[in-house]
Amino acid sequence: MEDKILTFKQLIKESNNIVFFGGAGVSTESGIPDFRSKDGLYNQKYKYPPEEILSHTFFMNNTEEFYIFYKEKMNSLKYEPNITHKKLAELEKEGKVKAVITQNIDGLHQKADSKNVYELHGSVLRNYCMKCNKSYSAEYVFNSKGIPKCECGGIIKPDVVLYEEGLDESIIRDSIQAIKQADLMIVAGTSLTVYPASGLVNYYRGNKLVLINRDETPFDNMANLVIHDSLGKVFEKI
Ligand code: CNA
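Residues numbered from 1 in each chain as written. Predicted model: local features only at pLDDT ≥ 70, side-chain atom pairs only at ≥ 80, totals over all residues. Heavy atoms only, no water.

### Describing the site of the ligand
In the vicinity of the ligand there are 28 residues, among which Arg 36, Asp 106, Thr 190, Ser 191 and Asp 215 approach most closely. Within the side chain of Glu 29, one N or O atom sits 2.9 Å away from a nitrogen atom of the ligand. Measuring from an oxygen atom of the ligand, one finds a backbone N or O atom of Phe 35 at 2.7 Å. Considering the ligand on its own, with 860 Å² of exposed area, one finds that the protein chains cover 96% of that surface. When atoms are counted within 2 Å of each cavity's grid points, the one that captures over half of the ligand is the largest pocket. (Near = heavy atom within 4 Å. Polar contact = N/O pair within 3.5 Å; in protein donor to acceptor, adjacent residues only side chain to side chain. Areas by Shrake-Rupley, 256 points an atom, 1.4 Å probe, with all protein chains shown as cover. 1 Å grid on protein atoms, 1.4 Å probe; cavity = no way out; pocket = protein on both sides within 12 Å on 5 of 7 lines; lining within 4 Å. Sits in = over half its atoms within 2 Å of the grid points.)

### Focus: the packing of aromatic side chains
Summed over the entire model, instances satisfying the criterion amount to 11 aromatic pairs. Ring-pair connections join several aromatic residues into one group, and the members of that group are Phe 59, Phe 66, Tyr 67, Tyr 70 and Phe 142. Above the face of the Tyr 136 ring, Lys 134 is positioned so that its terminal group lies 5.3 Å from the ring centre. In this structure, Lys 157 is placed above the aromatic ring of Phe 59, and the distance from its NZ or CZ to the ring centre is 5.5 Å. (Phe/Tyr/Trp six-rings, centres within 6.5 Å; stacked < 30°, edge-to-face > 60°. Lys NZ or Arg CZ within 6 Å of the ring centre and 35° of its normal.)

### A short note on the pairing of strand β1 (residues 18-22)
In regular strands, side chains alternate between the two faces of the sheet. In terms of residue burial, β1 counts as a mostly covered element, since five of its five residues are buried. Of the two faces of β1, both are covered, the one formed by Ile 18, Phe 20 and Gly 22 as well as the one formed by Val 19 and Phe 21. Bridging between β1 and strand β2 (residues 97-102) involves five bridges; their strand directions are parallel. Within β2, the position partnered with Val 19 by the bridge is Ala 99. Across five bridges, the pairing between β1 and strand β7 (residues 184-188) is parallel. Each residue of the ladder has a partner; that of Gly 22, found in β7, is Ala 188. (Buried < 20%, exposed > 50% of the residue type's maximum accessible area, 1.4 Å probe, protein only. Helix = DSSP H or I, 4+ residues; strand = E, 2+ residues; numbered from the N terminus. Pairing = 2+ DSSP bridges.)

### Observations concerning the pairing of strand β4 (residues 122-129)
Where β4 meets strand β6 (residues 156-160), five bridges bridge the pair, whose relative direction is antiparallel. Within β6, the position partnered with Asn 127 by the bridge is Pro 158.

### With respect to unusual backbone geometry
With an omega of 5°, the peptide bond running from Tyr 195 to Pro 196 counts as cis. Take Pro 196: it is sitting in the loop between β7 and β8 (209-212). In the Ramachandran plot, Asp 113 falls in the positive-phi region, its phi being about 90° despite a non-glycine side chain. Summarising the element assignment, Asp 113 is placed in the loop between α6 (108-111) and β3 (117-119). The phi torsion at Leu 192 lies on the positive side, around 55°, for a residue other than glycine. Tracing the sequence through the fold places Leu 192 in the loop between β7 and β8.

None of this, on its own, says anything about what the molecule does.
This is the structure in structure tokens:
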């Protein structure tokens with residue numbers, strides 16, 4: 001393992017256009033559970049499966065039930081960035097990391113001071129009235145009773161991409177552009193099972209693809225360096 005971390009450090013040292021592509025595993029060490037680990041949300045018991053609750057149809061038909069789950073499980077306001085978020089922000093300041101592409105919706109990369117962040121699945125920090133489009137803070141939504149409502153009476157919806165909903169095309173375009181230009185691509189803390197986000201890895205053209213994840217992923221055999229360990233352990237050595 002030490003050898004692999006040394007190789008990873010060397011790759012960072014010799015690269016100046018690094019793109020990081022991450023998922024829920026980046027934030028577990030901040031205390032936010034992921035979906036698919038053994039203690040992730042998909043392995044806990046709810047009235048409905050989480051993947052059903054987090055779908056567009058469920059939101060429209062069972063808005064109250066959606067918000068019970070959402071407020072309990074998706075409130076990232078009380079969490080702080082961990083060593084991985086912080087190191088990435090430092091590497092961006094040094095001019096090495098050019099983009100952080102994330103499937104996370106928790107806003108922790110920005111809280112760590114990363115500037116160029118592409119949020120493929122949106123953010124709990126932005127919320128809009130479905131009727132008049134007025135925007136609301138996460139505090140307003142998470143502290144509301146029942147279904148959060150706008151002053152116009154409309155229902156407020158978080159700006160997160162639910163299952164059955166499409167991704168923002170301009171964010172995809174910018175992410176692909178960043179990945180195509182990357183000399184080093186770091187893929188981390190993601191099971192790489194959620195499409196179309198995971199397909200973005202295929203746009204990388206270089207020969208320095210590093211994959212860091214506790215569990216195996218379907219892309220392991222594509223990577224030039226695979227580290228199966230916790231991100232905190234790896235990034236504290238960077
Ligand atoms: P996932 O499918 O739950 O996979 C997470 C992966 O991370 C697993 O393969 C784990 O082995 C790995 N992992 C967990 N903790 C660590 C760690 N400390 N170090 C290294 N590896 C670790 O999550 P994906 O991101 O792949 O799936 C995409 C979904 C999850 C997106 O739509 C997200 O919006 C959604 N999600 C986001 C958050 C968040 O914003 N923090 C939390 C939970 C789910």
